Amino acid sequence: MAESVTVLANAKLNLSLDVTGKRPDGYHTVEMVMQSIDVCDQINVAKTDDGITLSCSGEEVPENEQNLAYRAAALFFERSEIDGGAAIKLKKKIPVAAGLGGGSADAAGVLLALNELYGNHFEDEELEELAAELGADVPFCLVGGTQLSEGIGSILSPLPTLQNCAFVVVKAGDKRSTGDMYAKLDSLEELDHPYTQDLVDAICEGDNIDAGRYMSSVFDKLWEFEDIREIMEDNGAAAVLVTGSGPSVFGFFPDEDNAKDAENALSDHYNNVFLCEPADHGCEID
Ligand code: ATP
């Protein structure tokens, strides 16, 4: 059996994000279309006799039990009752606190790596259940691709992966806590609900122009990004919206050459701009 495993864990974008209600326990129910992108963290996990260690490079994140990757390992050992340990090395490329699901991707990656290292102890479905305990986006980050996501975000239905298109992502503003952003939504009199079902239909038909028409998020209203929108649209973006609860904004480009032009134009004004493509999976063993 292998003594160490490396997993690549992709970031995500929300192509549509709707809030459909609030449960008595305070969680919001959502309806989202989620998309993996080819921007990933690299996670190396080695077997040890016991305990969990974690080191991170590339971005400033906690290197202790506050890190979602550490919590994923702790949950794996607690539930499997396996007598063993893990040394986790994280190389972060996914921008932190950006609405790109970096922490969730790392948690999913650690679950996949440990399951591989310890003899596939859990079936795929069991691993997804553990993922859901760590966070609503973690099951998506494990499976990835293009998915309709419901419930509190962890009920997934696969969709065809988008083809022949690109995204340009800009991390412009500062993160406000996800909880605060949902509280702000609750205080709005009315939400501009996205056309999620129309987006799903367009994706199923492989119609990128229509897909762009129906991409939006209830969080768009809570961020100012008119300047970014203008540059994106001048360069051919079919949609410009916020991912997660922000602050990152992305443009959807049915023409990949246009996306390159938009990336260049935006880089003159903003620091954190990158071009990416849809990926058909979340985490995979390297
Ligand atoms: P969310 O919407 O779930 O808050 P996000 O996608 O906007 O997440 P993340 O990159 O996951 O952003 O970071 C959110 C917070 O989680 C940060 O404050 C960060 O310090 C903390 N965090 C814990 N573990 C990690 C990790 N492995 N990678 C990134 N951030 C992490």
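None of the values given here were measured: they were computed from a predicted structure.

*Asks:* Can you explain the overall build of the protein chain? Please cite residues and give values.
*Replies:* Per the secondary structure count, the protein chain includes nine helices and twelve strands. Rg of the C-alpha trace for the protein chain: 19 Å, near the compact-globule value of 19 Å for 286 residues, within the 12% margin. A principal-axis box enclosing the C-alpha atoms of the protein chain has dimensions of 55 × 45 × 35 Å. Here the protein chain, with 286 residues, has 51% of them falling under the buried criterion. With the model as given, the accessible surface of the protein chain reaches about 13000 Å², and the carbon-plus-sulfur share is 42%. Looking at charge distribution, the protein chain has the averaged site of its 18 positive side-chain charges lying 6 Å from that of its 54 negative ones.

*Asks:* Please provide a residue-by-residue account of the pairing of strand E9 (residues 239–242), values included.
*Replies:* Residues Ala239 and Leu241 line one face of E9 and the alternating positions Val240 and Val242 line the opposite face, and both faces are buried. Note: E9 against strand E10 (residues 249–253), four bridges, orientation antiparallel. When the sheet's bridge partners are listed, Ala239 is paired in E10 with Phe252. Linking E9 to E10, which pair antiparallel, is a turn of six residues; within it Gly244 sits at a positive phi near 60 degrees.

*Asks:* Explain the site of the ligand to me, and be specific about the residues and the numbers.
*Replies:* Surveying the vicinity of the ligand reveals 18 residues, the closest of which are Asn67, Gly99, Gly101, Gly103 and Lys175. Interatomic distance of 3.1 Å between a backbone N/O atom of Leu68 and a nitrogen atom of the ligand. Here an oxygen atom of the ligand and a backbone polar atom of Gly103 are 2.8 Å apart. With the chains in place, 73% of the 590 Å² that the ligand exposes on its own is no longer accessible. Considering every element that reaches the shell around the ligand, the biggest residue donor is helix H2 (residues 102–117), with three residues. Looking at side-chain class alone, the shell around the ligand contains eight nonpolar, seven polar and three charged residues.

*Asks:* Any chance you could break down the packing of H2 against helix H3 (residues 124–134) for me, citing the residues and the numbers?
*Replies:* Two packed helices can be described by the angle between their axes and the distance between those axes. One way to put it is that H2 packs onto H3 with a least axis distance of 10 Å and a crossing angle of 145 degrees. Judged by the twist between their axes, the crossing of H2 over H3 is right-handed. Along its contact with H2, which presents Ala107, Leu111, Leu112 and Asn115, the element H3 presents Leu127, Leu130, Ala131 and Leu134. Residues of the contact of H2 with H3, tallied by class, amount to seven nonpolar, one polar and no charged.

*Asks:* For the nonpolar core, give the residues involved together with the corresponding values.
*Replies:* Counting 95 residues, the largest nonpolar core has Leu15, Ile88, Leu114, Phe167, Met215, Phe219 and Met232 as its most contacted members. Domain assignment of the residues forming this core places at least three in each of domain 1 (4–159) and domain 2 (166–279). Setting aside residues no more than four positions away along its own chain, Met215 makes contact with Leu15, Leu162, Leu199, Ala239, Leu241 and Phe252.

*Asks:* Describe the side chain of Ser217, and please don't skip the residues or the numbers.
*Replies:* Within the secondary structure, Ser217 sits in strand E8 (residues 216–217). Within the local environment of Ser217, its side chain forms a polar contact with the backbone nitrogen of Phe219, the two atoms lying 2.9 Å apart. Look past the residues within four positions of Ser217 in its chain and what remains in contact with it is Leu17, Pro194, Leu241, Val242 and Gly244.

*Asks:* Outline unusual backbone geometry, supporting the account with residue identities and numerical values.
*Replies:* Residues Gly246 and Pro247 are joined by a peptide bond in cis, for which omega reads 5 degrees. Considering the arrangement of structural elements, one finds Pro247 in the loop between E9 and E10. Here Ala97, not a glycine, exhibits a phi torsion of approximately 55 degrees, which is positive. In this fold, Ala97 is placed in the loop between strand E4 (85–91) and H2.

*Asks:* Describe a negative patch on the surface, naming the residues involved and giving the relevant values.
*Replies:* On the surface, Asp38, Asp255, Glu256, Asp257, Asp261 and Glu277 cluster together into a patch of negative charge. Here the negative patch gets three residues from one element, more than from any other, and that element is helix H9 (residues 256–267).

What counts, and where the lines are drawn
One numbering rule holds for all chains: residues counted from 1, following each sequence as written. Given that the model is predicted, a residue must reach a pLDDT of at least 70 before its local features are reported, and side-chain atom pairs must reach 80 or more before they are shown or counted; all residues, however, enter totals for whole chains, interfaces and linings. Only heavy atoms go into the side-chain values, all of them from the structure, while hydrogens and water stay out. Only DSSP runs of H or I covering at least 4 residues are called helices, and only runs of E covering at least 2 are called strands; the numbering of each starts at the N terminus. Here the globule rule is a power law, 2.2 Å times the number of residues to the power 0.38, and the radius of gyration is based on C-alpha atoms. Only protein chains enter the accessibility calculation, which uses a 1.4 Å probe; a residue is then buried when its area is under 20% of its type maximum, exposed when over 50%, and partly exposed in between. Each accessible area is a Shrake-Rupley estimate made with a 1.4 Å probe; only the visible protein chains count as cover when residues are assessed. Asp and Glu count as negative and Lys and Arg as positive, but His and the ends of the chain are not part of the count. The atom standing in for a charge is NZ when the residue is Lys, CZ when it is Arg, CG when it is Asp and CD when it is Glu. Two strands pair under a simple rule: DSSP has to find at least two bridges between them. Note on terminology: near, applied to a residue and a molecule or strand, indicates that one of the residue's heavy atoms is within 4 Å of it. Throughout this description, a polar contact denotes any pair of N or O atoms lying within 3.5 Å of each other; where both atoms belong to protein, one of them has to be capable of donating a hydrogen while the other can accept it, and for residues adjacent in sequence the pair is counted only when both atoms sit in side chains. The classification used treats Ala, Val, Leu, Ile, Met, Phe, Trp, Tyr, Cys and Pro as nonpolar, Asp, Glu, Lys and Arg as charged, and all other residues, Gly among them, as polar. What counts as an axis is a line fitted to C-alpha atoms, over the stretch in contact for a helix, and the angles between N-to-C directions run from 0 to 180 degrees. Should the near helix be turned anticlockwise from the far one by less than a right angle, the crossing is left-handed, and should it be turned clockwise, the crossing is right-handed. Here, two residues are considered to be in contact whenever any of their heavy atoms come within 4.5 Å of each other. Among the buried residues, those of types Ala, Val, Leu, Ile, Met, Phe, Trp, Tyr and Cys that are joined through side-chain atoms within 4.5 Å form a nonpolar core. Residue ranges assigned to the domains are those given by an automatic or database domain assignment. Distance thresholds for patches are 9 Å for like charges and 5 Å for nonpolar side chains (Val, Leu, Ile, Met, Phe, Trp, Tyr), applied to residues having over 30% relative accessible area and no salt bridge. Any carboxyl oxygen of Asp or Glu within 4 Å of a side-chain nitrogen of Lys or Arg constitutes a salt bridge here.

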